[in-house]
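Structure at a glance
Residue strings, one per chain:
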There are 2 protein chains.
Amino acid sequence: MSYPHPELAPPEPLAPDGLRVVALGGLGEIGRNMTVFEYGGKLLIVDCGVLFPEADQPGVDLILPDFGYLEGRLDEVEALVLTHAHEDHIGAVPYLLRQREDIPLVGSKLTLALVKSKLTEHRITPQAVEVREGQVHPFGPFDCEFFAVNHSIPDALAVAIKTPAGTVLHTGDFKMDQLPLDGRLTDLAGFARLGGEGVDLLLADSTNAEVPGIVRPERDIAPVLDEVFAYADQRVIVACFASHVHRVQQVLDAAADHERKVAFVGRSMIRNMGVARELGYLRVPGGLLIDLREAEELPPDEVVLISTGSQGEPMSALSRMAGRDHPIRIAEGDTVILASSLIPGNETAVYRVINGLTRLGARVVHKESSLVHVSGHAPAGELLYLLNLVKPRNFMPVHGEWRHLKAHARLASLTGVPRDRVVIAEDGLVVDLLDRKASIAGAVPCGYVYVDGLTVGEVTESQLKDRRILGDEGFISVIVVFDASNGKVVGGPEIHSRGAGIEEAAFSGVLPKVADALDRAAADGVSDAHALRQLARRVIGKWVSDNYRRRPMIIPVVVEV
Amino acid sequence: MSYPHPELAPPEPLAPDGLRVVALGGLGEIGRNMTVFEYGGKLLIVDCGVLFPEADQPGVDLILPDFGYLEGRLDEVEALVLTHAHEDHIGAVPYLLRQREDIPLVGSKLTLALVKSKLTEHRITPQAVEVREGQVHPFGPFDCEFFAVNHSIPDALAVAIKTPAGTVLHTGDFKMDQLPLDGRLTDLAGFARLGGEGVDLLLADSTNAEVPGIVRPERDIAPVLDEVFAYADQRVIVACFASHVHRVQQVLDAAADHERKVAFVGRSMIRNMGVARELGYLRVPGGLLIDLREAEELPPDEVVLISTGSQGEPMSALSRMAGRDHPIRIAEGDTVILASSLIPGNETAVYRVINGLTRLGARVVHKESSLVHVSGHAPAGELLYLLNLVKPRNFMPVHGEWRHLKAHARLASLTGVPRDRVVIAEDGLVVDLLDRKASIAGAVPCGYVYVDGLTVGEVTESQLKDRRILGDEGFISVIVVFDASNGKVVGGPEIHSRGAGIEEAAFSGVLPKVADALDRAAADGVSDAHALRQLARRVIGKWVSDNYRRRPMIIPVVVEV
């Protein structure tokens, strides 16, 4: 747990007529979105997502919000509202429910279905409250009204939270595709009506606040897919996110038009599309779907595979195809479409997959060469519409790194939100709405909580620092056996090293130096293990630095017998 | 050393009337460009660059071409032609000259000046042969003709290599800016004349072969800089590559127009701009330049800093400013311009710098928000002009990953080069030009040679694999002291662990298991160190896997006393 705002004290208890907003994630990062609202001693949470680790968080599987802020207050949580079923909004739900399993989960039909199928894997059966756009539902003192929003997964919702302290509108993730595939528009009329009634605080998606203009409609991808399919004379493989039902729908339609059968590849793709189909969000023409084994039997020009792995994940089917480590053997003339965004940080992995597939003879179509992806987040041009319709008294950009939050704050100022009512907060900053004015009231701990294997929160920053050193420089350990009864070294020194880039034989150059130093220390009467360890570390550290100009981790071990 | 083409044998000795081409780097990667030409028992090398390591090559400083192919043949090298002074073309020169210091270095005035200032740091004084566009110069059996090309560094050259076996044109890196800042155009007329005489093999820069269209002129950046400067009311900091003389020139001009003084920041920026200015490639109005200390004294709105660090390098001045670890304190209202490309793999680091600067109050302008960078490499539209003017009999794309080489090969086919005369080679493939036809004749070893600290080639792939495991999972070492005279364990087991994410205290759960297992082994008469090590490894490995679902490196050590 870190405390990123040492200059800020924890806040005073909330005033009785105040509304408190604390983001435990999603501000200053893209991921682990989680915002806690407090009024009258009760809490409402919006979203509970994970963040995916970066290169300087080696070995970590997932990063969770720090639930420490909720310690001792879990029973005060009236509900957890889930705006949509992306991992950065729902991925941490199982970890929160482990602490209190009966927190009511509130969401749309598809959102709840996808969350439930995830929770089943964690053997949790949640209390689910299904809602839909247009509905108003009280959760303790929080009256929630839900609005349809368009995003890169169907059935996403925005939520207005009404309390006597004021009304907050939280958009969740959204964009404003005016020709959405399912006809379900972002409810601008509803936002306008709410704005007319008075919105005291707007929290809105900042991901694309730096990007000018508006999004292209999802349906503009269809003619591009059609053309790629028309030129494809062997297998077609499409990689995209496992939750992008509309993207998959367009691929299914193109496959049907070109008389190809489709197989899903990848556990999450199969699971999610099964749920989406069952609930009617995905329309599958009869006989179109086959399984992978059947696909392997068909002539390549009659097959489409829809796969995960669009971010170059090393264990995904697509990466394994690129490395010839998958039953599907990529051959000259195959076509691979990466119908997805390229999340910053994944470029090296994705280009490695593209190069591997190209080398095997495939034509690879991706968003930099063709319109096979559109973003799911509103760019600046659309955010201006939102701000002008809602006319919020106060504005707080969410869901973004600093550069996104700052760009979004600027848009709010341009539309007339007074500068002192635009609050750029970071994770853990406490924002209180008092007398219709939002301001920062303090800070709470909100560090990264790392999931690694079966453990949650056991891998610490200091362990990660060790991993970074070990990963860059390796280690050298020197072992000495010490007889405490007579203060004599009776075994060793022995050196073991991995990853330091020094050949075994080279250590013969330093072993006598260590032995000498230990002998001299013994002659001087030094006989405690700590001093001997320090001595060995110093001798080896100097030798490595002088001869190799490197700084591996040096681990002196004294075993007492 | 790796051998990427096990299916290919080393080539037969070259036929007396043949020309051999072997790329030791630059094919299948962006970096360490180095191509060796052989005719009549003599060798000519074009470029000798480095490759920068990626995340899966932890701790490595630089990657060199494998000079093993030249072993025993260094005396046959007639010359090393350097097309321009970028690190991926000259960075490995010091390492090659360590093997034979008097290899003649051939290049333009600026290229040689920059190489020499680099070699001075390595205490090497090279044999330099200055050439310029339009000149023809024999090096043994290789008649070299040099052509002006436009690139993101001044004074770049292409080279035609004429031998009785045929004529090769190697473009080096180039683009075709038709309004270059220095008026020095890529010599299309020369290429056309050479094409008329007959080019048997064209090697050309593939970096932007996937990108449609043509480049925007470098000078289009000037009005953008002018506008950014006009709105800047505090300090302006521009980060760009330390060799981009024309980009720096444009910043100097903007600074002069807006009555600001300029300081260079960063060792390579100061060194290179000193060289460029001295030779007349950079024009600096009198009194414009100041040093950093003077800049700190001036009012912020009279200052421009031109700095390295545009790729987010952690030790660079710009990264340190973003982390408040630099004498220059970024303040509200400062403007930072990243006037550079964003090299794939550096996104996370660059966005971290942008977020850090934004958080401190700076406005950050970068290529995704404004036209503050244009590429130095010809896109597809320009490559087509080249191919149509040169009309090569054979074509070999160079300088690119597979996706680039393949896209470039496709362009060549479209312009009429027969498919069987388009050779997509990888590093180490041997291409022979015989009877005016190029084809692959075998393969030679050409693995990565890693520079780490003071060592060259000592860090191996297996060491890197160890580093990757250590970096992701840490290690657990278990130490046992063993009395060989009586076959008894007399000390330990003791456990030491770093980075495994397991708290010290938790090991008390497994130590008795290890001790038990050792006791039982002793009872069974097992008494060799190897068997004891395997036993300890197995017990701990199972315990970690069962309890933590992780796979740290396990290092059992038996010290004999």
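Remember, predicted model here, so these are calculated numbers, not experimental data.

What counts and how
- Residues numbered from 1 in each chain as written.
- Chains lettered and ligands numbered in written order.
- Predicted model: local features only at pLDDT ≥ 70, side-chain atom pairs only at ≥ 80, totals over all residues.
- Heavy atoms only, no water.
- Helix = DSSP H or I, 4+ residues; strand = E, 2+ residues; numbered from the N terminus.
- Buried < 20%, exposed > 50% of the residue type's maximum accessible area, 1.4 Å probe, protein only.
- Contact = heavy atoms within 4.5 Å.
- Areas by Shrake-Rupley, 256 points an atom, 1.4 Å probe, with all protein chains shown as cover.
- Lys, Arg positive; Asp, Glu negative; His and termini not counted.
- Charge placed at Lys NZ, Arg CZ, Asp CG, Glu CD.
- Patch = residues over 30% accessible without salt bridge, like charges linked within 9 Å, V, L, I, M, F, W, Y side chains within 5 Å.
- Salt bridge = Lys/Arg side-chain N within 4 Å of Asp/Glu carboxyl O.
- Axes fitted to C-alpha atoms, helices over the stretch in contact; angles between N-to-C directions.
- Parallel < 35°, antiparallel > 145°, perpendicular 65-115°, else oblique.
- Left-handed = near helix turned anticlockwise from the far one by under 90°.
- Least-squares fit on C-alpha atoms with pLDDT ≥ 70 in both.
- Pairing = 2+ DSSP bridges.
- Phe/Tyr/Trp six-rings, centres within 6.5 Å; stacked < 30°, edge-to-face > 60°.
- Lys NZ or Arg CZ within 6 Å of the ring centre and 35° of its normal.
- Polar contact = N/O pair within 3.5 Å; in protein donor to acceptor, adjacent residues only side chain to side chain.
- Core = buried A, V, L, I, M, F, W, Y, C linked by side-chain atoms within 4.5 Å.
- Domains from an automatic or database assignment.
- Expected span 1.5 Å × (residues − 1).
- Right-handed = clockwise from strand over helix to strand, strands pointing away.
- Buried area = accessible area lost by both parts, 1.4 Å probe.

Quick notes on the overall build of chain A
When helices and strands are counted, chain A shows 15 helices and 25 strands. C-alpha atoms of chain A, sized along the principal axes, occupy 90 × 70 × 45 Å. The proportion of buried residues among the 561 residues of chain A is 58%. Intrachain contacts of chain A at a sequence separation of at least 6 include 71% that bridge at least 24 residues. Taken as a whole, chain A presents about 22,100 Å² of accessible surface, with 50% of it coming from carbon and sulfur. Of the side-chain charges in chain A, 56 are positive and 76 negative, and the distance between the mean point of each set is 2 Å.

Describing a nonpolar patch on the surface
Judged by side-chain polarity, Val490 and Val561 of chain A together with Val490 and Val561 of chain B come together as a nonpolar surface patch covering roughly 260 Å² of accessible area. Position of valine 561 of chain B relative to the elements: it lies in the segment after strand E25 (553-560). When its relative accessible area of 37% is taken as the criterion, valine 561 of chain B is described as partly exposed.

Examining the packing of helix H3 (residues 109-121) of chain B against helix H7 (residues 267-278) of chain B
Residue and element names in this part refer to chain B. Contact geometry for H3 and H7: axes closest at 10 Å, N-to-C directions at 135°. Regarding the angle of H3 to H7, the classification is oblique. The handedness of the crossing between H3 and H7 is right-handed. Contact with H3, carried on its side by Leu110, Ala113, Leu114, Ser117, Lys118 and Glu121, involves Arg267, Arg271, Asn272, Val275 and Ala276 of H7 and no other residues of that element.

Structural notes on the relation of the copies chain A and chain B
Once chain A is rotated about the relating axis by 180° and shifted along it by 0.0 Å, it coincides with chain B to within an RMSD of 0.1 Å. Those values place the two copies in the arrangement expected of a two-fold rotation axis. Within chain A, the C-alpha atom positioned nearest to the axis of rotation is that of glycine 471 of chain A, 1.8 Å from it.

Digging into the sheet that holds strand E21 (residues 449-452) of chain A
All names here are of chain A. Taken in spatial order, the three strands of this open sheet run E4-E21-E22, and their pairing is antiparallel. Two strands in the sheet have a free side with no partner beyond their single neighbour: strand E4 (62-64) and strand E22 (455-456). Inspection of the sheet shows E21 paired to E22 by two bridges, in the antiparallel sense. Bridge pairing in E22 links valine 451 to valine 456.

Regarding the environment of valine 557 of chain B
Within the secondary structure, valine 557 of chain B is located in strand E25. Classification of valine 557 of chain B by relative accessible area gives buried; the value is 3%. In the structure, valine 557 of chain B is positioned 130 residues away from aspartate 427 of chain B in sequence and 41 Å away in space, judged by C-alpha atoms. The contacts of valine 557 of chain B, once residues within four sequence positions are left out, are Ile479, Glu494 and His496 of chain A together with Val478, Ile479 and Val480 of chain B.

A few points about the packing of aromatic side chains
With the rule as written, the count across this model stands at nine aromatic pairs over all chains. Look at phenylalanine 475 of chain A and phenylalanine 475 of chain B: their rings are 4.3 Å apart centre to centre, the planes differ by 15°, and that puts the pair in the stacked class. Of the two residues, phenylalanine 475 of chain A sits in strand E23 (residues 475-483) while phenylalanine 475 of chain B sits in strand E23 (residues 475-483), which places them in two different chains. For the pair phenylalanine 475 of chain A and phenylalanine 475 of chain B, one class covers both residues: buried. Directly above the aromatic system of tyrosine 351 of chain B lies the positively charged group of arginine 403 of chain A, at a separation of 3.7 Å from the ring centroid.

So, the environment of aspartate 200 of chain B
Residues and elements named next belong to chain B. For aspartate 200, the location among the structural elements is in the loop between helix H4 (188-197) and strand E12 (201-205). When its relative accessible area of 0% is taken as the criterion, aspartate 200 is described as buried. A C-alpha to C-alpha distance of 8.2 Å links aspartate 200 and leucine 169, two positions 31 residues apart in sequence. With sequence-adjacent residues up to four places away left out, aspartate 200 is seen in contact with Gly166, Thr167, Arg393, Asn394, Leu433 and Arg436. Side-chain polar atoms of aspartate 200 contact the backbone nitrogen of threonine 167, separated by 2.8 Å. At 2.6 Å, the side chain of aspartate 200 and the side chain of arginine 393 are in polar contact.

Quick look at the sheet that holds strand E19 (residues 429-434) of chain A
Residue and element names in this part refer to chain A. In spatial order, the strands read E7-E6-E5-E3-E2-E1-E19-E20; together these eight strands make up an open sheet with mixed pairing. Edge strands, defined here as strands with exactly one partner in the open sheet, are strand E7 (128-130) and strand E20 (437-443). Ignoring strand direction, the axes of neighbouring strands in this sheet form an average angle of 25°. Pairing of strand E5 (residues 77-81) with strand E6 (residues 105-107), which is carried by two bridges, proceeds in the parallel orientation.

Re the nonpolar core
With 39 residues, the main nonpolar core has Leu70, Leu80, Val93, Leu96 and Leu105 of chain A as its most contacted residues. Taken together, the elements giving at least two residues each to this core come down to strand E1 (19-25), strand E2 (34-39), strand E3 (42-46), E4, E5, helix H2 (93-97), helix H3 (109-121) and E21 of chain A. In terms of residue count, H3 of chain A provides more of this core than any other element does, six residues in total. Here leucine 105 of chain A is in contact with Leu80, Leu82, Val93, Leu97, Leu112, Val115, Leu119, Pro126, Gln127, Ala128 and Val129 of chain A, once residues within four sequence places are set aside. Listed in part, the 38 residues of the second largest apolar core include Phe67, Val93, Leu112 and Val430 of chain B.

A look at the domain arrangement of chain A
The assigned domain composition of chain A is domain 1 (19-213 + 375-453), domain 2 (218-365) and domain 3 (461-560). One C-alpha centre belongs to domain 2 of chain A, the other to domain 3 of chain A; they are set 53 Å apart.

Brief notes about a negative patch on the surface
Residues and elements named next belong to chain A. A contiguous patch of negative charge, built from Asp226, Glu227, Asp253 and Asp257, is present on the exposed surface. Secondary structure elements with two or more residues in the negative patch: helix H5 (221-231) and helix H6 (245-257). With respect to the helices and strands, aspartate 257 occurs in helix H6.

Thoughts on unusual backbone geometry
Residues and elements named next belong to chain A. Note that the residue after glycine 492, namely proline 493, is joined by a cis bond; omega there is 0°. Structurally, proline 493 is set in strand E24 (residues 488-498). A positive phi angle, near 35°, is found at arginine 32, a position not held by glycine. By the secondary structure assignment, arginine 32 is in the loop between E1 and E2. Even without being a glycine, lysine 391 presents a positive backbone phi close to 45°. If you trace the backbone, lysine 391 turns up in the loop between helix H11 (380-390) and strand E18 (394-398). Under the relative-accessibility criterion, lysine 391 is labelled exposed at 53%.

As for helix H12 (residues 402-414) of chain B
An ideal rise of 1.5 Å per residue puts 18 Å on 13 residues; H12 of chain B measures up with 18 Å between its terminal C-alpha atoms. Buried residues in H12 of chain B make contact with helix H10 (347-359) of chain A together with E12, helix H11 (380-390) and strand E18 (394-398) of chain B.

A closer look at the pairing of E12 of chain B
Residues and elements named next belong to chain B. Within E12, five of the five residues are buried, which leaves the element mostly enclosed by the surrounding structure. As paired elements, strand E11 (residues 166-170) and E12 share three bridges and run parallel to each other. Bridge pairing links histidine 170 to leucine 203 in E12. Regarding topology, H4 serves as the crossover connection from E11 to the parallel E12, and that connection is right-handed. Sheet topology note: the E12/E18 ladder contains five bridges and is parallel. Along E18, the bridge assignment pairs leucine 202 with phenylalanine 395.

Focus: the interface of chain A and chain B
Taken together, the contact pairs 65 residues of chain A with 65 residues of chain B. Both faces considered, chain A and chain B share a buried interface measuring about 5,400 Å² in area, 53% of it formed by carbon and sulfur atoms. Summed over the three residues of chain A that lose the most area to chain B, namely Arg359, Arg403 and Leu454 of chain A, the buried surface amounts to 11% of that side. At the surface where chain A touches chain B, the tally comes to 10 salt bridges. We note a salt bridge from aspartate 56 of chain A to arginine 352 of chain B, for which the minimum N-O separation is 3.2 Å. Between the two partners, chain A and chain B, sit 32 residue pairs in polar contact (both at pLDDT 80 or more). Elements supplying a minimum of two residues to the side of chain A that touches chain B: H10, helix H12 (402-414), helix H13 (461-473), E23, E24, helix H15 (529-548) and strand E25 (553-560) of chain A.

Points about the side chain of threonine 83 of chain A
By the secondary structure assignment, threonine 83 of chain A is in the loop between E5 and helix H1 (87-90). In this structure the side chain of threonine 83 of chain A is engaged in a polar contact, spanning 3.0 Å, whose partner is the side chain of histidine 84 of chain A.

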